[in-house]
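Each chain is listed here by its residues.
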Amino acid sequence: MKLGIIGLGRSGKTTLFNALTGRTGESAPAGGAVTPVMGVVSVPDERVLWLSALYHPKKTTHAQVTYMDLQGMSSGAESKREYMAHLLNHMRPMDAFLMVLRNFEDPVLGSPRAMADMRELQDEFLIADLATVEKRLEKLSMEEKRGKKLTGKEKELLSACWEVLDSGQPLKSRPDLSAAPELRGFTFLSAKPLLVIFNNRDEDDRLPSSQLVSEEAMVVRGKLEMEMAELAAEEAQDFQKDFGIEESAMNRVVQQSFRLLQLATFFTVGDDEVKAWTIPRGLPALEVAGHIHSDIQRGFIRAEVVAFEDLRAAGDYAAARKLGTVRLEGKAYPVQDGDVIHFRFNV
Ligand SMILES: Nc1nc2c(ncn2[C@@H]2O[C@H](COP(=O)(O)OP(=O)(O)OP(=O)(O)O)[C@@H](O)[C@H]2O)c(=O)[nH]1
Ligand SMILES: [Mg+2]
């Protein structure tokens, strides 16, 4: 899972990135890094730890999430266009965006205006997508003029996209368009899931209430969270208690992102390796097998499945089998979050 952290300048992107990846803050360049900074972290999951304690595998592999800290956008029409042009190639491969909004007083920028900032960023996404659509439509009509017969629905779909964007709506508001196979190559920004993150001052842990937020939203206290990320585990716990933080930003952001992207985790277990895999929720067992290895997909016979909670309740695999909670499932079985799976295959 790849998450791109975007936002206006000085909104706290690097601070959050450091909290999420456990880096220390000193290296953050003023004005943001021109080249995006990547950080890969393991998704904290106590289920993996439990399975690892059960199997004592040679290797334990957690699910991973890649965060990318992108440069902040500054105001001014020209600099915004430059910003989008510069970052577009970095933004396209992301699965989703974390949009950081400054919701604390800044000594230079003054009072927060988070909702206006959000609108400004959303508009830039729409404008970038509009430009992509218009460029492609122009190309298609040139080809038509030169006598080329257009086949397929691309032009029709792009015109529909134009209408949606022009009316100020993101493409994700129209799944028929954002999921159309003919348009997949464009990787429109406004078609991607977005998690809005209000970066609050230390004393405030609430969503700005009276505001209408049309996006998925959550609150972090970036500076606090970063300070916490720098502490040793034991100290961090005290800190967490003092500030009424129930779960770290890292955990909450990961969980929300999983939910937003409709992802699920399943596990493969054994003496060699206990491994957590990230897949789209409800993916059929046959396709899930393909995530592991094409041979397993090709020679798929059955999936032997036990829900993690059933396995934990039973104590171990043999006990779960005795209790009848280990099931045999076929190719079409929609894999659920927490499934522990042995694939039976023959090649
Ligand atoms: N009070 C307060 N200050 C914060 C918070 N988060 C970040 N800051 C401060 O805001 C300033 C900017 O933070 P950065 O994390 O560098 O912001 P950025 O979005 O990465 O900025 P650019 O990379 O320049 O776009 C720093 O001085 C931070 O210490 C917060 O939650 N509360
Ligand atoms: Mg930065």
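Conventions adopted
- Residues numbered from 1 in each chain as written.
- Chains lettered and ligands numbered in written order.
- Predicted model: local features only at pLDDT ≥ 70, side-chain atom pairs only at ≥ 80, totals over all residues.
- Heavy atoms only, no water.
- Helix = DSSP H or I, 4+ residues; strand = E, 2+ residues; numbered from the N terminus.
- Buried < 20%, exposed > 50% of the residue type's maximum accessible area, 1.4 Å probe, protein only.
- Contact = heavy atoms within 4.5 Å.
- Pairing = 2+ DSSP bridges.
- Axes fitted to C-alpha atoms, helices over the stretch in contact; angles between N-to-C directions.
- Parallel < 35°, antiparallel > 145°, perpendicular 65-115°, else oblique.
- Nonpolar A, V, L, I, M, F, W, Y, C, P; charged D, E, K, R; others polar.
- Polar contact = N/O pair within 3.5 Å; in protein donor to acceptor, adjacent residues only side chain to side chain.
- Near = heavy atom within 4 Å.
- Areas by Shrake-Rupley, 256 points an atom, 1.4 Å probe, with all protein chains shown as cover.
- Salt bridge = Lys/Arg side-chain N within 4 Å of Asp/Glu carboxyl O.
- Arc of directions from axis to C-beta.

Engineer: Can you lay out the overall build of the protein chain for me, pointing to particular residues and giving the numbers?
Structural biologist: Secondary structure assignment for the protein chain yields 13 helices and 12 strands. Dimensions along the principal axes, computed over C-alpha positions, put the protein chain at roughly 65 × 65 × 35 Å. Per-residue burial over the protein chain gives 46% buried out of 347 residues. Excluding contacts between residues fewer than 6 apart, the proportion of contacts in the protein chain whose partners are at least 24 apart in sequence is 64%.

Engineer: Provide a residue-level description of the sheet that holds strand β2 (residues 37-42), including the pertinent values.
Structural biologist: Ordered by their spatial adjacency, six strands build an open sheet running β2-β4-β1-β5-β6-β7, and the pairing between neighbours is mixed. Looking along the sheet, the strands with just one partner apiece sit at the ends: β2 and β7 (216-220). The mean inter-strand angle of the sheet, taken between neighbouring strand axes irrespective of direction, is 25°. The pairing of strand β5 (residues 96-103) with strand β6 (residues 194-200) spans seven bridges and is classified as parallel. Bridged to Leu98 within β6 is Leu195.

Engineer: Account for the packing of helix α7 (residues 222-229) against helix α8 (residues 233-242), with residues named and values stated.
Structural biologist: Look at α7 against α8: their axes get within 9 Å of each other, and the N-to-C directions meet at 155°. When the axis of α7 is compared with that of α8, the two are roughly antiparallel. Every residue of α8 that contacts α7 at Leu224, Glu227 and Met228 is listed here: Ala236, Phe239 and Gln240. Residues that form the contact of α7 with α8 fall into these classes: four nonpolar, one polar and one charged.

Engineer: Break down the packing of helix α3 (residues 77-91) against helix α4 (residues 114-145) for me, citing the residues and quoting the values.
Structural biologist: Two packed helices can be described by the angle between their axes and the distance between those axes. At a closest axis distance of 11 Å, the pairing of α3 and α4 adopts a crossing angle of 70°. The orientation of α3 with respect to α4, classified from their angle, is roughly perpendicular. Between α3 and α4, the contacting residues are Lys80, Arg81, Met84 and Met91 on the first element and Glu120, Glu124, Phe125, Ile127 and Ala128 on the second. Its residues assigned to classes, the contact of α3 with α4 comprises five nonpolar, no polar and four charged.

Engineer: I'd like a description of the environment of Ser173, backed by residues and values.
Structural biologist: On the secondary structure map, Ser173 appears in the loop between α5 (154-166) and α6 (175-178). Taking relative accessible area as the criterion, Ser173 reaches 39% and is therefore assigned partly exposed. Put simply, Ser173 and Ser190 are 17 residues apart on the chain and 8.9 Å apart in space, counted from C-alpha to C-alpha. Within polar-contact distance, the side chain of Ser173 engages the backbone oxygen of Pro170 at 2.6 Å.

Engineer: Account for the site of ligand 1, naming residues and giving values.
Structural biologist: In the vicinity of ligand 1 there are 16 residues, among which Gly12, Lys13, Thr14, Thr15 and Asn199 approach most closely. Residue Lys223 places a main-chain N or O atom 3.2 Å away from an oxygen atom belonging to ligand 1. Protein chains shield 80% of the accessible area of ligand 1, which is 650 Å² for the free molecule. Only α1 (13-21), β6 and α7 provide two or more residues apiece to the shell around ligand 1. The leading source of residues in the shell around ligand 1 is α1, at three residues. Grouping the constituent residues of the shell around ligand 1 by class yields two nonpolar, 11 polar and three charged.

Engineer: I'd like to hear about the pattern of salt bridges, residue by residue, with values.
Structural biologist: Counting across every chain of the model gives 23 salt bridges. Across the salt bridge formed by Arg47 and Asp337, the nearest N and O atoms sit 3.1 Å from each other. One end of the pair, Arg47, is in helix α2 (residues 46-55); the other, Asp337, is in the loop between β11 (327-329) and β12 (339-345), with 290 residues separating them in the sequence. With its nearest N and O atoms 2.9 Å apart, the salt bridge here joins Lys155 to Glu144. Placement of the pair is Lys155 in helix α5 and Glu144 in helix α4, with a sequence separation of 11 residues. The class of Lys155 is partly exposed, set by a relative accessible area of 31%.

Engineer: Which residues make up α8, and what are the values?
Structural biologist: Because the α-helix completes a turn every 3.6 residues, residues three or four places apart line up on one side. Buried within α8 are the following residues: Ala236, Phe239 and Gln240. End-on, the buried residues of α8 take up no more than an arc of 100°, which puts them together on one face. In α8, those exposed residues whose orientation departs by more than 90 degrees from the buried face are Glu234, Gln237, Lys241 and Asp242. Where α8 is buried, its residues contact α7. One or two steps after α8, the chain reaches Gly244, where phi turns positive at roughly 60°.

Engineer: Give a description of the pairing of β6 that names residues and reports values.
Structural biologist: Burial analysis of β6 places seven of its seven residues in the buried class, the great majority of the element. Covered by surrounding structure in β6 are Leu194, Val196, Phe198 and Asn200 together with Leu195, Ile197 and Asn199, the residues of both alternating faces. Pairing analysis gives five bridges linking β6 to β7, with the strands arranged parallel. Directly across from Asn199, in β7, lies its bridge partner Val220.

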